[in-house]
Amino acid sequence: MSQEFFSEIPKPKEFEVLTKRIQQFCEKHADTPRIVLVTSGGTTVPLEKNTVRFIDNFSIGTRGSSSCEYFLSQPCTAVVFLHRVNSLRPFTRHFTNTNFFELLVPGDDGQIMVSQEHFPKVKKNLERWSLCQKDGSLLEVPFTSLSDYLWMLRVCCEAFKPLGSKVIIYLAAAVSDFYIPNYEMAEHKLQSSEGAPDIQLKMVPKMLKPLVRDWVPDAFVASFKLETDDEILIKKAKKALEIYHHELVIANLLQTRKERVVFVSNDAEEIIQVSQEEREAGTEIEAKIVDRLIALHQSFVEK
Ligand code: PMT
């Protein structure tokens with residue numbers, strides 16, 4: 001089923017280049033004790049091949065980019081960060097609400113310096129980012145559309161397959177369940193003069209199925225479940241475990257996703273939350289999520 005589906009969706013423009021980079025990263029980290037794939041941000045569903053208009057979703061990649069930083073702060077860990085173009089990225093995410101020019105001050109002799117106010121934060125994040133560049137522990141892989149995402153997800157997983165149980169797949173991206181097949185998509189911009197388009201969206205098959213069964217059968221897979229209705233959240237998380245047989249579903253509600261999640265596994269339901277005081281002191285829920293996940297992965301590997 002998924003094979004058939006992939007024949008209906010276009011490959012990303014830089015498919016070969018990105019695939020090579022991912023394969024080289026995996027070869028380099030063949031002996032690294034823990035390899036994580038973090039997916040992050042929303043996927044677009046284009047309405048035209050030469051895309052002017054598309055369907056999108058709310059995700060800006062806070063969960064993925066912050067989790068990526070916490071994974072990288074664990075010892076002996078390498079991360080592939082599969083992220084939506086222009087969504088938040090590790091380390092630079094701390095400056096997205098700051099006007100770029102406010103970070104800088106002109107010096108006397110034509111030099112440009114970082115302002116005193118922002119200096120500690122810039123230094124800290126620059127040092128952490130530089131370290132990842134130097135030791136090659138982070139590979140960032142961009143996507144925009146649903147089809148780019150699915151192709152690169154598959155490539156990442158297939159490259160990770162030989163690495164076995166030391167792999168963590170952390171599916172925080174908000175992935176569209178609907179798409180327009182390539183053969184039904186207009187070539188050029190839809191014309192308003194022709195009236196409102198009658199577009200029939202089709203279901204995207206759940207990629208968790210081939211992912212868990214075929215692409216990375218030995219990996220520790222953590223998917224997310226997002227709902228807006230508290231009444232159905234845990235029920236749907238359990239259902240996902242039943243269907244896909246992976247290790248963990250991290251259940252979150254859109255409204256409270258930055259304060260509370262529930263780890264749903266076959267034998268437990270565990271609430272992870274940050275209090276108001278913790279948040280005010282700068283604790284992010286992703287720090288706790290990643291800590292707990294690392295512990296669960298450790299026991300998974302030992303088993
Ligand atoms: O980026 P932020 O703004 O910080 O928001 C974070 C988040 C709310 C997006 C994140 O915490 C989250 O919940 N991500 C998953 C959202 C989602 O796609 O949920 P879902 O219930 O639609 O899908 C459940 C799982 O199925 C997901 O892990 C997804 O990877 C997977 N899926 C989805 C569609 C599809 N066709 N195939 C899949 O395998």
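Computed from a predicted structure; not experimentally measured.

Here we come to unusual backbone geometry. The backbone of Phe91 shows a phi angle near 75 degrees, a positive value even though the residue is not glycine. Note on placement: Phe91 falls in the loop between strand 4 (77-84) and strand 5 (104-106). Of note, His245 is a non-glycine position whose phi angle comes to about 60 degrees, a positive value. With respect to the helices and strands, the residue His245 is situated in the loop between helix 7 (230-244) and strand 12 (248-253). Taking relative accessible area as the criterion, His245 reaches 60% and is therefore assigned exposed.

At a minimum axis distance of 9 Å, the contact between helix 3 (residues 62-72) and helix 9 (residues 285-302) shows a crossing angle of 55 degrees. For the element pair helix 3 / helix 9, the angle class is oblique. Helix 3 and helix 9 meet at a crossing whose hand is right-handed. Contacts between helix 3 and helix 9 involve Thr62, Arg63, Ser66, Ser67, Tyr70 and Phe71 from the former and Ile285, Glu286, Ala287, Ile289, Val290, Leu293 and Ile294 from the latter. For the contact of helix 3 with helix 9, a count of residues per class yields eight nonpolar, three polar and two charged.

Attention now moves to the domain arrangement of the protein chain. It is common to report an interface's size as the accessible area lost on association of the parts. Its domain assignment divides the protein chain into domain 1 (3-218) and domain 2 (225-303). Across the contact, 20 residues belong to domain 1 and 23 residues belong to domain 2. Both sides of the domain 1 and domain 2 interface together cover about 1900 Å² of buried area, and 63% of this is carbon and sulfur. Of all residues in domain 1, Phe58, Arg63 and Tyr70 bury the most surface against domain 2, accounting for 31% of the area lost on that side. Taken together, domain 1 and domain 2 are joined by two salt bridges. Ionic pairing is found between Glu286 and Arg63, a salt bridge with its closest N-O pair at 2.9 Å. Only helix 3, strand 8 (167-171) and helix 6 (208-215) provide two or more residues apiece to the side of domain 1 that touches domain 2. If you tally residues by element for the side of domain 1 that touches domain 2, the top one is helix 3, at six residues.

Right, let's talk about the sheet that holds strand 4 for a bit. Strand pairing in a sheet relies on backbone hydrogen bonds, with the paired strands running either antiparallel or parallel. If you trace the eight strands from one edge of the open sheet to the other, you get 7-4-1-8-11-12-13-14, paired in mixed fashion. The open sheet has two edge strands, strand 7 (138-143) and strand 14 (269-273), and neither has a second partner. Recorded for the sheet is a direction-independent mean angle of 20 degrees between the axes of neighbouring strands. In the sheet, strand 8 pairs with strand 11 (residues 220-227) via four bridges, with the strands oriented parallel. Looking at strand 11, one finds that Ile169 is bridged to Val221. Strands in contact with helix 6 are strand 8 and strand 11; relative to strand 11, the strand with the most contacts, it is inclined by about 170 degrees.

Taken together, 24 residues lie near the ligand, and Ser59, Gly61, Arg63, Lys225 and Asn252 sit nearest. Interatomic distance of 3.2 Å between a backbone N/O atom of Ile60 and an oxygen atom of the ligand. Contact distances for the ligand include 3.5 Å between a nitrogen atom and a backbone N or O atom of Ala173. If the ligand stood free it would expose 790 Å²; the protein chains cover 95% of that surface. Those elements that place two or more of their residues in the shell around the ligand are helix 3 and strand 11. Among the elements that take part in the shell around the ligand, strand 11 stands out by supplying four residues, more than any other. Split by residue class, the shell around the ligand holds 13 nonpolar, six polar and five charged. When residues of the shell around the ligand are assigned to domains, at least three map to each of domain 1 (3-218) and domain 2 (225-303).

Criteria and cut-off values
Each chain has its residues counted from 1, following the order in which its sequence is written. Per-residue local features are limited, in this predicted model, to residues with pLDDT of at least 70; the limit for side-chain atom pairs, both in listing and counting, is 80 or more; totals at the level of whole chains, interfaces and linings are taken over all residues. To obtain the side-chain values, all non-hydrogen atoms of the structure were included, while hydrogens and water were left out. Counting from the N terminus, the helices are the DSSP runs of H or I reaching at least four residues and the strands are the DSSP runs of E reaching at least two. Three labels apply to residues, based on accessible area from a 1.4 Å probe with only protein chains included: buried if under 20% of the type maximum, exposed if over 50%, partly exposed otherwise in between. For helices, the fitted line uses only the C-alpha atoms of the stretch in contact; every axis is such a line through C-alpha atoms, and the angle between N-to-C directions lies from 0 to 180 degrees. Oblique is the label for any angle not covered by the other classes, which are roughly parallel (under 35 degrees), roughly antiparallel (over 145) and roughly perpendicular (65 to 115). By convention the crossing between two helices is left-handed if the near helix lies anticlockwise of the far one by an angle smaller than a right angle, and right-handed if it lies clockwise. When checking whether two residues touch, look at their non-hydrogen atoms; a contact exists if any pair is within 4.5 Å. Here the nonpolar group is Ala, Val, Leu, Ile, Met, Phe, Trp, Tyr, Cys and Pro; Asp, Glu, Lys and Arg are the charged ones; every other residue, Gly included, is treated as polar. Residue ranges assigned to the domains are those given by an automatic or database domain assignment. Accessible area that two parts lose when put together, evaluated with a 1.4 Å probe and summed over both, is termed the buried area. We count a salt bridge whenever a side-chain nitrogen from Lys or Arg sits within 4 Å of a carboxyl oxygen from Asp or Glu. When DSSP finds at least two bridges between two strands, those strands are taken to pair. Throughout, the term near means that a residue has one or more heavy atoms lying within 4 Å of the molecule or strand in question. Here a polar contact is taken to be a pair of N or O atoms separated by no more than 3.5 Å, where protein atoms must pair a possible hydrogen donor with a possible acceptor and residues adjacent in sequence count only if both atoms sit in side chains. In short, Shrake-Rupley with a 1.4 Å probe defines the accessible areas, and a residue's cover is counted only from the protein chains shown.

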